[in-house]
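# Secondary and tertiary structure notes
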Amino acid sequence: MNSLGERLRSKRMEYGVSLDQVADRTKIGARLLAAIEENDFDRLPGGLFRRSFVRQYAYALGFSEEDIASDLGRFTVEEPNPEEVAEQAVRSMPVRAAGRLSEIRIFDIRPDSFLGRALQPVVAFGGLIAVAAICATAYGWWQPNGWAEHWSKAGRISASTVEAAKPAASVSRASLPAATLSAASVPLPGAALPGAQAKATPPASAPTAKAPPPAASAPAKVVPAKVVPATGAPTARLPTAGVAAATPHDGRTVTPTMEVAFRATEPTWVSVTSDGRWSFASALQGGTVRTIAASEMVRVLVGNAGGLEISLNGKPVGPIGPRGKVRIVELTPSGAQIQTTPRKLAPGAEPL
Amino acid sequence: MNLRSLFSLFSSDLAIDLGTANTLVFAKGKGIVVDEPSIVALNKNTGAVEAVGKEAKEMLGRTPGNIVAIKPMKDGVIADFKVTEKMLNYFIKKAHNRKMLVHPRIVIGVPSEITQVEKRAVMDSAYRAKASEVHLVEQAMVAAIGAGLPITEPAGNMVVDIGGGTTDVAVISLSGIVYSRSVRVAGNEMDDAIMQYLKRKYNLLIGERTAEMVKIEIGSAYPLDKPLTWEIKGRNLIEGIPKTITIDDTEIREALSECVATILNAIRVALERTPPELSADISDRGIVLTGGGAMLKNLDKRIREETGLPVSIADDPLASVVLGTGRMLSDFKLLRKISID
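Summary of the structure given here.

Cut-offs used in this document
Residues numbered from 1 in each chain as written. Chains lettered and ligands numbered in written order. Predicted model: local features only at pLDDT ≥ 70, side-chain atom pairs only at ≥ 80, totals over all residues. Heavy atoms only, no water. Helix = DSSP H or I, 4+ residues; strand = E, 2+ residues; numbered from the N terminus. Buried < 20%, exposed > 50% of the residue type's maximum accessible area, 1.4 Å probe, protein only. Contact = heavy atoms within 4.5 Å. Areas by Shrake-Rupley, 256 points an atom, 1.4 Å probe, with all protein chains shown as cover. Phe/Tyr/Trp six-rings, centres within 6.5 Å; stacked < 30°, edge-to-face > 60°. Lys NZ or Arg CZ within 6 Å of the ring centre and 35° of its normal. Pairing = 2+ DSSP bridges. Buried area = accessible area lost by both parts, 1.4 Å probe. Salt bridge = Lys/Arg side-chain N within 4 Å of Asp/Glu carboxyl O. Polar contact = N/O pair within 3.5 Å; in protein donor to acceptor, adjacent residues only side chain to side chain. Nonpolar A, V, L, I, M, F, W, Y, C, P; charged D, E, K, R; others polar. Core = buried A, V, L, I, M, F, W, Y, C linked by side-chain atoms within 4.5 Å. Axes fitted to C-alpha atoms, helices over the stretch in contact; angles between N-to-C directions. Parallel < 35°, antiparallel > 145°, perpendicular 65-115°, else oblique.

To continue, consider the overall build of chain B. Helix and strand content of chain B: twelve helices and 18 strands. By the burial criterion, 55% of the 341 residues in chain B qualify as buried. A fraction of 63% describes how many contacts in chain B between residues 6 or more apart in sequence connect residues 24 or more apart. A total accessible area of about 14700 Å² is found for chain B, and carbon and sulfur atoms account for 51% of it.

See the structure below:
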């Protein structure tokens, strides 16, 4: 069978056209067309041009794609990628012949190799476990008494108190100082709040009339500036969420006169103080309902006022505020009072 | 080494042609894994993504009130930052078969005359779509590589990449760009021109999809050997009712003449600015057309007649850019050298 160049030349002769006429039509130089006819393809520019010029010349003479497909096939061989060539060379090399140690691959676990792909999830999972283990070790080292303290604390602190640590982020977003939060999570007396203590009336004085009755027996908590803490109280046990509000530490049972129900319509962070004592702090998910009982007053700090509905003894309090706003709600058996929080609590002010 | 680059070990590197009309994704070791229109359908009420790519294109111009189909790219650059990010996220996930913890290294082709702000927008979008490393390369350059031009030789190569939003003209020698220019006239502008023409001449209102179909079926830049006709359905502006007209290739050619002239002008300017030594090479080798616009019938003939140079069309013009970008994935060291960021 005739070569492509010969076929093209004979066809051109058949039509009786000169190379210059073809060159004029295709705009491809007559010199290059002559090279094609002589099957000297190296004289043509490389890559795409070679194939394109042969095709254009053939089309100009009335050949169809099928006529020249097999001949064009020889130009479609892509120039090999230098990196692939190098890689193939390394793979085919015996291990001892490989130049550098880094090139010796016993297990080829690169992401694009078969083994690499198969091992991907395993390696990823292993990596995560390793990171978690490092974090745990670091935590144990950083804590003075390591994990022992962590577990003993966890045992003492009720579940709701542990939860209180979670909303740290949301509170700090609400621009409450970090110190406030830590004080709110672990409401230890006097010592935890030096500022509040400084403002307090002389030590050992009796609580003022505004102080809630339980404070007299277990005066552990510093409540609003008006309320005087009775210092000298040795310890304050952390209350258990929910029922603790109505049960003072000395075991006396106070009949709850009010029942407050919280229903979150969207994720909302709340911190609740009942009868002057911190009750619980939690990030309530949409649809969550929590109820607490109290006798005197319930004070609620709401992180997302639009997402929480409060009802007092079964009666809804009404809208607290717009979505995303921070509000303080004070509930007494007679009704509810809503306050907007200051951007920053005054130094020494009592946190919720 | 941060956590993202750790995860990048488990992700395929990706080359993305973030085009105005189509987005193509090339995964290293796999080839082209995504080839879909750059369209996102969003729910207006919830802001959720209803569909991306082909599905969203079906919705274009046919959405109910609460869904809106958006083309987040305009003139080769990002017009809607957030939607582009969602689209990229979807395509990257798709390229990885919806695996979790995907943080690939990404190479993106961008028009040559892109501003710093536009460049930043592309990079930020890719980083937000969880890329661990982003490199931008000039579209014309990668189009030339993808088309198979011998760009490493010390000889001039001229490439014209006619995409959806921009036409990039570049002269390349020794793997570097000697001259490049980008005009914001390409496929989408042609669709617009057809819409305007039909509105002006026949008072017929047609949608973008119909205009694009007309361009693909009978659009041409130079008289055809065999005349073509096409039936166009749209809404009559005067009567307000649906109407069908039959139109031939001559009229569409007239509608497209302005766009074609702009592209020709850009090529002429590039030829004027090319250093003489390279001009000599280009007169031998001619011009290479890539991009979807290169498929406009007889555009090569028109450019050949106007410039007197041989014109070649890439074998797969639509995928030239992504193939060229994909080839860069195998050599990140070279890529870091030539990337424009």
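To continue, consider unusual backbone geometry. Residues and elements named next belong to chain B. One non-glycine residue with positive phi stands out, namely D75, at about 50°. Checked against the element boundaries, D75 lands in the loop between β7 (73-74) and β8 (77-78). Since its relative accessible area comes to 28%, D75 is described here as partly exposed. The phi angle at L174 is positive, at roughly 50°, despite the residue not being glycine. Examined against the element boundaries, L174 turns out to sit in the loop between β12 (167-173) and β13 (176-183). The class for L174 is exposed, based on a relative accessible area of 54%.

Residue and element names in this part refer to chain A. Within this structure, the stated rule accounts for three aromatic pairs over all chains. Centre to centre, the rings of F49 and F53 are 6.0 Å apart; their planes meet at 50°, and the pair counts as tilted. Of this pair, F49 and F53 both sit in helix α4 (residues 48-60), four residues apart, which is roughly one turn of that helix. The side chain of K11 reaches across the aromatic face of F63, ending 5.3 Å from its centre. A cation sits over an aromatic face here: R290 above F280, 4.0 Å from the ring centre.

Glancing now at the pairing of β12(B). Residue and element names in this part refer to chain B. Counting buried positions along β12 gives seven out of seven residues, so the element sits mostly inside the fold. Relative to β12, strand β11 (residues 157-162) runs antiparallel, the two being bridged by six bridges. Note that in β12 the partner of D161 across the bridge is D168. Count of turn residues in the β11/β12 antiparallel hairpin: four residues. Here β12 runs beside β13; their pairing, made up of seven bridges, is antiparallel.

Residues and elements named next belong to chain A. The strand order across the open sheet built from four strands is β4-β1-β6-β7, with neighbouring strands paired in antiparallel fashion. In the strand order of this sheet, the two ends are held by β4 (289-294) and β7 (315-316), each with one partner. Where strand β1 (residues 258-264) meets strand β6 (residues 308-312), five bridges bridge the pair, whose relative direction is antiparallel. Bridge pairing in β6 places A264 opposite L308.

This part covers the sheet that holds strand β15 (residues 229-236) of chain B. Taken together, three strands build an open sheet; the order of strands is β14-β15-β16 (chain B) and the sheet is antiparallel. Edge positions in the sheet fall to β14 (204-205) and β16 (242-248) of chain B, since each has one partner strand and no second.

Our next topic: the interface of chain A and chain B. Put simply, an interface is often sized by how much accessible area is lost when its parts join up. Listed by partner, the interface residues are 25 residues for chain A and 28 residues for chain B. Of the roughly 2100 Å² buried between chain A and chain B, counting both surfaces, carbon and sulfur atoms make up 53%. Inspection of the region where chain A meets chain B yields three salt bridges. B:D315 is the salt-bridge partner of A:R51, the closest N and O atoms lying 2.1 Å from each other. At the surface where chain A touches chain B, the tally comes to six residue pairs in polar contact (both at pLDDT 80 or more). Elements supplying a minimum of two residues to the side of chain A that touches chain B: α2 (19-26), α3 (30-37), α4 and α7 (114-142) of chain A. At seven residues, the largest contribution of residues to the side of chain A that touches chain B is made by α4(A). Taken together, the residues of the side of chain A that touches chain B break down into ten nonpolar, seven polar and eight charged.

By size, the foremost hydrophobic cluster in this structure holds 48 residues, and its most contacted members are A:L8, A:L33, A:I36, A:Y57 and B:L149. The element contributing the most residues to this core is helix α5 (residues 139-147) of chain B, with seven residues. A:I36 has contacts with A:G5, A:L8, A:F41, A:L44, A:F53, A:V54 and A:Y57, leaving out every residue within four places of it along the chain. Within the second largest apolar cluster, 44 residues are counted, among which are B:V169, B:V185, B:I206 and B:A266.

Another point: the environment of B:V178. All names here are of chain B. Mapped onto the fold, V178 is located in strand β13. Of the residues examined, V178 reaches a relative accessible area of 39% and is grouped as partly exposed. When the C-alpha positions of V178 and T274 are compared, they lie 7.7 Å apart, and in sequence the two are 96 residues distant. Ignoring anything within four residues of it in the chain, the contact list for V178 reads V171, I172, S173, P275 and L278.

A few words now on the pattern of salt bridges. Enumeration according to the criterion identifies 26 salt bridges over all chains in this entry. The shortest N-O distance in the salt bridge between B:E58 and B:R209 comes to 3.7 Å. Linking B:E58 in helix α2 (residues 54-59) with B:R209 in helix α7 (residues 208-218), this pair joins segments that are 151 residues apart in sequence. For B:R209, a relative accessible area of 25% corresponds to the partly exposed category. Put simply, B:D124 and B:R120 hold a salt bridge, and the shortest N to O gap is 3.3 Å. A residue pair is termed a helical-turn pair when its members lie 3 or 4 positions apart in one helix, as B:D124 and B:R120 do in helix α4 (residues 116-128) at four residues. The network of salt bridges with common partners includes A:R9, A:R12 and A:E37.

What follows deals with α5(B). All names here are of chain B. By the criterion of burial, α5 is predominantly enclosed, with nine of the nine residues buried. By the burial criterion, the buried members of α5 are Q139, A140, M141, V142, A143, A144, I145, G146 and A147. G148 lies just past α5 and shows a positive phi near 90°.

Right, let's get into the pairing of β15(B). Residue and element names in this part refer to chain B. Pairing geometry for β14 and β15, over two bridges, is antiparallel. Bridge assignment links L205 to a residue of β15, and that residue is R235. Both β15 and β16 contribute to a ladder of seven bridges, which runs antiparallel. If you follow K233 over to β16, its bridge partner there is T244. Hairpin connection of β15 to β16: five residues between the antiparallel strands, including G240 at a positive phi of 75°.

Residues and elements named next belong to chain B. Close contact between α5 and helix α11 (residues 320-328) brings their axes to 6 Å; oriented N to C, the two are set at 90°. With respect to α11, the element α5 is oriented roughly perpendicular. Here Q139, V142, A143, I145, G146 and A147 of α5 lie close against α11, whose contacting residues are S320, V321, L323, G324, T325, R327 and M328. The residue makeup of the contact of α5 with α11, split by class, is seven nonpolar, five polar and one charged.

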